[in-house]
Structures are given as structure tokens and as C-alpha cells.
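# Examination of the molecular architecture
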Amino acid sequence: MSWTGLVAGLVAGVALGQSPATLEAVRLHKPEAAGLARAELEACVAKKCPDAGRLALLAGTLALSDGQAAEARALLSAHPAPAPLAPFHAFYLGQARFYAGDATGAAGEFSRVLAAQPPAPAELAARARARLGEALLKAGKAKEASGVLEAAAKATPTPELLYQRGLARGASGNRAGQVADLLAVALRFPSHPYADEAVKWLTEGKKPAATLGFAERTRRAEGFLDAGAPQRALDELDLLEGTKLTKAQRPKVSLLRAQALFAQGKLEDAQKALALAEKGPPDVAAEAALVVARRALRSDDNVKARVLMAALDVKYPSQPAGDEGAFFAGWLDLQGGRFADAVKSLTAFTERYPRSRRRDEGLWFRALAHLRLEEYAKAREALEALVTAFPRSSMVPQARYWMARSRELGGEKADVVAPAYEGLITTAPASFYALMAAERLKELGRAPPAHFPRPPKQLELPRPPELELAVELTRAGLFRDAADEVEAHAARLRTADQALPFAHALLKLGEYGHAHAVAARHLWGRAFGSREPDALAAFYPQAYSNAVEQAAASHKVDPFLVWAIMRRESAFKPEVMSAADARGLMQIIPPTATAIAERLEEPAPAPADLFSPERNIRYGAWYLSRLMQRFSHPVLAAAAYNAGPGPTVKWARERGSLPLDLFVETIPFKETRGYVKQVVADLFLYHAFYGKAGTPLRLSLKVPEPSVEGVDF
């Protein structure tokens, strides 16, 4: 479904305020959106149409987002909004007045939001209360502002509210309160713009309000590192130079400095800083040594990494780094094909660190080492220990699969192993291991039980009244407010009985991502425990079906593979953006999109265009088709989509002689292993749910040789 089609579905049965083209431009943040909205408003005013208030609301908010506060104030003042949207109109008019310099008028508008009858939505009221406090403060009414901001910051201690409350406290004579608030902003939110203002106020002047010493500066440096701002972290640490640091404090500063320098690619300087950190107290020295070992691990220098990890275990057994070192030493033995050594290392790990968060993984990899040694009884012993000790672990389905598989590999008859495979399909029907169990049963000449007795069923239910305001906001082009409204009502759901009709209403509106989120929160047991078809519908929708089917047909790729990738990448939310700048339903990064557009002989898209469901799906389908051409197997195509074609070719050539199940278990990247398992399981479930009857998909249990030529980005 194109975005135009989605809008039509979202407001089915209701006349549109804006045209679909304008709504699409607004949703995708296109530069022409404001002009389109203004033109539609002017045409409406000329014809004296009844929709001027709704059209003006959008035109005004777009002008406001472009920094045109005076224009926004004029547009919003001239045309009152329809009754359901009146609180939103007052809020945005308040914003326009505030940024146009009329703080008193802004406070009046925000007060209107809070006095609205019926009451404004809770999220909007919270925003209005915060802005009312800021407007009162700017209008010189500090005492009134302080009262408003006290309540607002207590309910939602954001950096903006803490900063404004601090200013209000200071203006009301509460200097201690002001210091506390501004210090909280400086330390808890160092990368926020208000943090710099807070630090300036706290530390400058004839009588500094606070001294930022070792604890404060290192905390801010850690915050900058977490925010991906290594230079700011270094600047913060530089401010400690010349101060009286203790012998125990200097290594901590060196450790943080090393991490920032590594992030900048200044390896030699980073190594020097790490060497100083390793001479510090045990906790700092252990963390520094772990940084060194992890860098060796990421560089694929497994021999060096193994030595460094084992050294952590020996030197720092009472530190978290010792736990990590012992685990990864065994894991590296396994990756290096030293299976007997892996058994010894991982056995020692589980004995030395009985409370480790990785203990279930340690048992699993020990079992895998036994499997590679064809010690099937010993593998089952480790797997049984995993299931017994960690019955809620996500690794239980794979443990149960390999318990059955090890019996089969050890020569047990079908009558012995088949019930275990069948039980796994029933207890973990949506897992990769249920798929593998079904394929093993077919090899044994047994018909596997259905993963789900009935396919997903979408219910035809009336739209819940609580979604009507979200529809009105969508009609007006206020997509953020519409999403907030949906999220607010979803957050109030408490039971599966409440969630089921709400999720189906969202599916009918084309809000597949919100429906999936509601289902994941409340309907998991019904979908995968009771295996109820109406609960399954929100987990496996045929989202954006027109766009998927057209793109799949055009590029000759399985549409169910497109849906499986989409489900894993974005959970059907078209505006998702990752930390790596991957965008949209299929999580495509702009450079990849540019390369795809070049091959499709069309102009390179702007990054914002990747949030368009139609374009994102089309590019994702093209890329998947080329991956399938090169790799010929969904396991390899999924691995390449996640980790890239280069590593996937390497794994296939090094380990392609293994049976498929073992090959997947030996993928060295944990994220990619999990990704492949989910995508391939979802692919087969989509086929089972929606494919042609009588033509079940079979999964080849052999890993094919990748083509030398083919897509390589």
C-alpha cells in the first residue's frame, strides 16, 4: 500500500481535510509541505469552505516548525479549529505567541488547554503545563511559574523542565533549589543544549554556585561517550588537568580518555592512556584490560583475543571482566575449532562463575562443542542442565531441539526422536527450532503437526471510540499528535480482552506497527500459547500488501520474505530510524538507497524519502531479490541482509559443509544468528498462513555455495 492508500484507509468513511498529496508531504517532512498546506487553505478561504479551521491548523503548525512564528500566529488566530481539535489549536497558538515574543498571550493559550472541557488528552495537557510554566517565567511571573513547574518537573523530570524549574526557583529566591536542578541537568543530560547553560551558570561568576570535580566531570564524560560525542568527553576530562586528583582517580580518567580516543581513531594515544589505566585499582584495571581484549575480538585476531580473555579470568576473578573473559575464552576455543578445549573452558566458566548472566549461554556453547565432537550423550547432559536451571531462558527451544537431534545423530530410531520434535512444534510453534523440527520429521517420513491449527484471522469490529480523536488528528495532518494519542490509549490497556479489539481496530486503520506493539505487550500468550487466530493477526499482518506484492512481482522475489524481513527490521513501523541511520520499514541506510537507485536508473532519494512505505519496500524488495540471486537460500540471504554479503560469503565458504542447523549455530555474530533464526521462521509461517494450499515451502538443509559475482553492498 502506498502512503496515499494508507491515509485513505486511516480515515475510511470520513472526508479528508487535506489532500492525500499534502498529507504525504507532511508525513515525510518534505520541504514543499508548508506551501501545499498554505495553498489549500487559501483555496478553501476563497471558496468559503467549512474546513478552513482544520486547514489553518496544519498550515500554522508547519509555519511554526519552519520558525515563522508571526505567520503561524496570524494563521491560527484567523481560523478557529473544529471542536475536537480546539485544545491542539490553543496549544499551537500558544507556541506561536511565545516564539513571536508574546509570553503573556502564550500563557493564556496554554491555560485554555488546561481548562478545556472535556479535558484535553493527558499527553497534550502535560506539554501545555510545561509550556505554561516557561511562558509565565518569561512574562516575569516567577512565583506563578514556580508552582506550575514544580508539579510538571515532578511528574516528568525532563532536562527542559528541570532547567526551567531551576530558573523559576532562582527567580523566586530558592537558590538551593536552583543549584540542585541545574546540577541535575548538567550531570544527567550532559549532551542536552541546556546542560551547557547550566554548567555556565554553576561555575562562572564571582561566586560559583558549585564546583565540578572528579565525580562530576567523569560522569559528564561518560554521558558524552554514551551519546557518541568523544571530543566533548575529552574536553570534559581536560578540565580535570591541573586539579588535585588522587592516585586512584587518575587511572579512571585515563580509561575514559582511552575510550574517547579509540572512538576518534587515535589508536596510539588511546593505547598509551589504556596503559596508564591498567596500572590503577582492580576495578579500573580490569575494565581497561577488557577494553583491550574486546578490541582484539572485534579485529578478528582470535588468537590474541583468546590470550587476553583468559588472562582476565586469571587476574580478575572477582570483577565482571573476569566473568566476561572466562566466557569468551571458551567461546573463542569453539570458534577456532578447538572443541575439546572449548568443553574444558566452558565447564570451568560455569563452575567459577555460578551467578554469571551468561551461564545459560555457557551451557549451550559447551553442548555445541560436544555436538561437534559427536559426544551426543554429553551434549544432552549440558542441554538438560540448561533447561533445568533456566526454564525461562530464550535458549530453551534450541536446547530441546538439539536434545532430540543429538539422539537422532546418535542412531536413535524415529519412534524415539519424533515425539520430541512434535512436542517442540507445539510448545514453541513460531521458533526457528519448530521449523527445523518439522523438516527433520519430514526426513523421517513423519507428517509434522501444524504449527498453528488455524491461520491468523482479522476481526471486523467497530472502531473504538477512543481512536476517534486520533483519526481527527490524522485528517488534520497532525501525525505526531495522532501517534501520541494512540500510544496513550495503548498504554492504558491492561488485559488481553481489552487489547484484542484495539489491535484489530489499528489493523483496520492500517496502523500495523501500533497493532504489533499492542499484541507484543498483551497478546503473546493467546497467540503462541493458546495459538488463537485472532491474536496471531496482529503479529503476522500482510502489511502494506499492495506495495509488497507489486514490488515482489516486479523484482521476482518472494513477497513472504519481504514481510519476514520487515517484521524483524521495523515491526511494521514506517518511521523507525536506527542509530546507524537505517530508515523505514526495511531499514535501509541512505548510501544503500543511493546505490539501489543508481541500479534502478532513478534519481537518488533524499534520506527522508526512505520513510515512504512504497519506496522503502521497493528498494528492500530489489535488494532481497539480488541477495537471493547470489546466495540461493533464505538463511544466507537473511544473514547477508543483516551482516552484509562479504561476511556471509566467508561463513558459507568456511562452514558450508555443515548441515544447515549447525551452520546457523556457528554464525559468529550473536545478532546475526538471532536475526537469521527469526526471519527464516517468519518466512515459513507467512507461507503456511497465506501461501497457496497444497504447496508447502521446504527448507533445504544444505548450505549452497554463494556465487562469486553479485550484489556486494
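Rules used in this analysis
- Going along each chain's sequence as written, the residues are numbered from 1 onward.
- A pLDDT threshold of at least 70 governs which residues receive local features in this predicted model, and a stricter bar of 80 or more applies before side-chain atom pairs are shown or counted, although totals over entire chains, interfaces and linings include all residues.
- Only heavy atoms go into the side-chain values, all of them from the structure, while hydrogens and water stay out.
- Helix and strand definitions here come from DSSP, where helices need a minimum of 4 consecutive H or I residues and strands a minimum of 2 consecutive E residues; each element is numbered from the N-terminal end.
- For a compact globule the rule gives 2.2 Å times the number of residues to the power 0.38, and the radius of gyration it is set against comes from C-alpha atoms.
- The criterion used for residue contact is that any of the two residues' heavy atoms lie within 4.5 Å.
- One less than the number of residues in a helix, times 1.5 Å, gives the span that helix is expected to have.
- Any residue under 20% of the maximum accessible area for its type is buried, any over 50% is exposed, and the rest in between are partly exposed; the area is computed with a 1.4 Å probe on protein chains only.
- Only the stretch in contact is used when fitting a helix axis, every axis being a line fitted to C-alpha atoms; angles between N-to-C directions are given from 0 to 180 degrees.
- With respect to orientation, any angle under 35 degrees is reported as roughly parallel, any angle over 145 as roughly antiparallel, any angle of 65 to 115 as roughly perpendicular, and every other angle as oblique.
- Each crossing gets its handedness from the near helix: less than a right angle anticlockwise from the far helix is left-handed, clockwise is right-handed.
- Under the scheme applied here, ten amino acids are nonpolar (Ala, Val, Leu, Ile, Met, Phe, Trp, Tyr, Cys and Pro), four are charged (Asp, Glu, Lys and Arg), and all others, including Gly, are polar.
- For this analysis, a polar contact is any N or O atom pair within 3.5 Å, provided that within protein one partner can donate a hydrogen and the other can accept it, and provided that sequence-adjacent residues contribute only side-chain to side-chain pairs.
- When the sulfur atoms of two cysteines come within 2.5 Å, that pair is taken as a disulfide.
- Think of a salt bridge as a Lys or Arg side-chain nitrogen and an Asp or Glu carboxyl oxygen that are within 4 Å of each other.
- Using a grid of 1 Å spacing that covers the protein atoms alone, one calls a set of points a cavity when a 1.4 Å probe fits there but cannot get out, and a pocket when the set is open and has protein on both sides within 12 Å along at least five of seven lines; lining residues are those with an atom within 4 Å of a point.
- Grid points are joined across faces, edges and corners, and a volume is the space filled by probe spheres set on the points.

The next point concerns the overall build of the chain. Within the chain, the secondary structure is distributed over 39 helices and zero strands. Computed over its C-alpha atoms, the radius of gyration of the chain comes to 29 Å, within 12% of the 27 Å expected for a compact globule of 713 residues. When the backbone C-alpha atoms are referred to their principal axes, the chain occupies close to 80 × 70 × 50 Å. Of the contacts made within the chain by residues no fewer than 6 positions apart, 57% connect residues no fewer than 24 positions apart.

Looking now at helix H21 (residues 359–372). Helix length check: H21 (14 residues) gives 20 Å between terminal C-alpha atoms against 20 Å at 1.5 Å per residue, within 8%. Burial analysis of H21 places 12 of its 14 residues in the buried class, the great majority of the element. For H21, the set of buried residues is Asp360, Glu361, Gly362, Leu363, Trp364, Phe365, Arg366, Ala367, Leu368, Ala369, His370 and Leu371. Once H21 ends, the next one or two residues include Glu374, with phi positive near 60 degrees.

With that out of the way, let us pick up the packing of helix H10 (residues 159–171) against helix H12 (residues 193–203). Interaxial distance between H10 and H12 falls to 9 Å at its minimum, and their mutual angle equals 30 degrees. What the angle tells us is that H10 and H12 run roughly parallel. H10 and H12 meet at a crossing whose hand is left-handed. Between H10 and H12, the residues in contact are Pro159, Glu160, Tyr163 and Gln164 and Tyr194, Glu197 and Ala198, respectively. Its residues assigned to classes, the contact of H10 with H12 shows four nonpolar, one polar and two charged.

Among all positions in helix H2 (residues 20–27), only Thr22, Leu23, Ala25, Val26 and Arg27 are buried. Within two residues after H2, His29 carries a phi angle of roughly 55 degrees, on the positive side.

A few words now on the packing of helix H3 (residues 33–47) against helix H4 (residues 52–65). Put simply, H3 and H4 touch, their axes get as near as 9 Å, and they point 155 degrees apart. Judged by the inter-axis angle, H3 sits roughly antiparallel to H4. Crossing of H3 against H4: the hand is left-handed. For the pair H3 and H4, the contacting residues are Ala33, Ala34, Ala37, Arg38, Glu40, Leu41, Cys44 and Val45 in the first and Ala52, Leu55, Ala56, Leu58, Ala59 and Leu62 in the second. Partitioning the contact of H3 with H4 into residue classes produces 12 nonpolar, no polar and two charged.

Let's shift gears to the side chain of His687. Note on placement: His687 falls in helix H39 (residues 670–690). Among the residues examined, His687 registers a relative accessible area of 18% and is labelled buried. Looking at His687, its side chain comes within polar contact range of the side chain of Asp558, at 2.5 Å.

Let us look at the environment of Arg366. The topology assignment puts Arg366 in helix H21. Excluding its chain neighbours within four sequence positions, the residues that come into contact with Arg366 are Val343, Leu346, Thr347, Thr350 and Ala382.

Further remarks concern the side chain of Glu665. Within the secondary structure, Glu665 is located in helix H38 (residues 660–665). With sequence-adjacent residues up to four places away left out, Glu665 is seen in contact with Trp364, Leu368, Gln398, Trp402, Tyr433, Arg673 and Lys677.

Bringing the state of the cysteines into the picture now. The full count for this structure, using the stated rule, is one disulfide. Covalently, Cys44 is tied to Cys49 through a disulfide, its sulfur atoms 1.6 Å apart. Negative torsions about the S-S bond denote left-handed disulfides, and the value of about -90 degrees found for Cys44 with Cys49 makes this one left-handed. Residue Cys44 is classed as buried on the basis of its relative accessible area of 4%. The exposure class assigned to Cys49 is partly exposed, which follows from its relative accessible area of 26%.

Below, the discussion takes up the pattern of salt bridges. On inspection of all chains with the given rule, the structure shows 50 salt bridges. Salt-bridge contacts for Arg54 lead to Glu472; the nearest nitrogen and oxygen are separated by 3.1 Å. Placement of Arg54 in helix H4 and of Glu472 in helix H26 (residues 468–475) is noted, with a sequence separation of 418 residues between them. By the burial criterion, Arg54 is buried, and Glu472 matches it. Where salt bridges share partners, they join Arg294, Glu324, Arg357, Arg358, Glu361 and Lys670 into one cluster.

Right, let's talk about the layout of surface pockets for a bit. Of the voids in this model, the second largest pocket is the one considered here, and its volume is about 970 Å³. Every residue lining the second largest pocket is counted, 29 residues in all, and those nearest its centre are Ser394, Pro397, Ser431, Phe432 and Gln678. Those elements that provide at least two residues to the lining of the second largest pocket are H21, helix H23 (396–409), helix H25 (432–443), helix H30 (524–529) and H39. No other element matches the six residues that H39 contributes to the lining of the second largest pocket.

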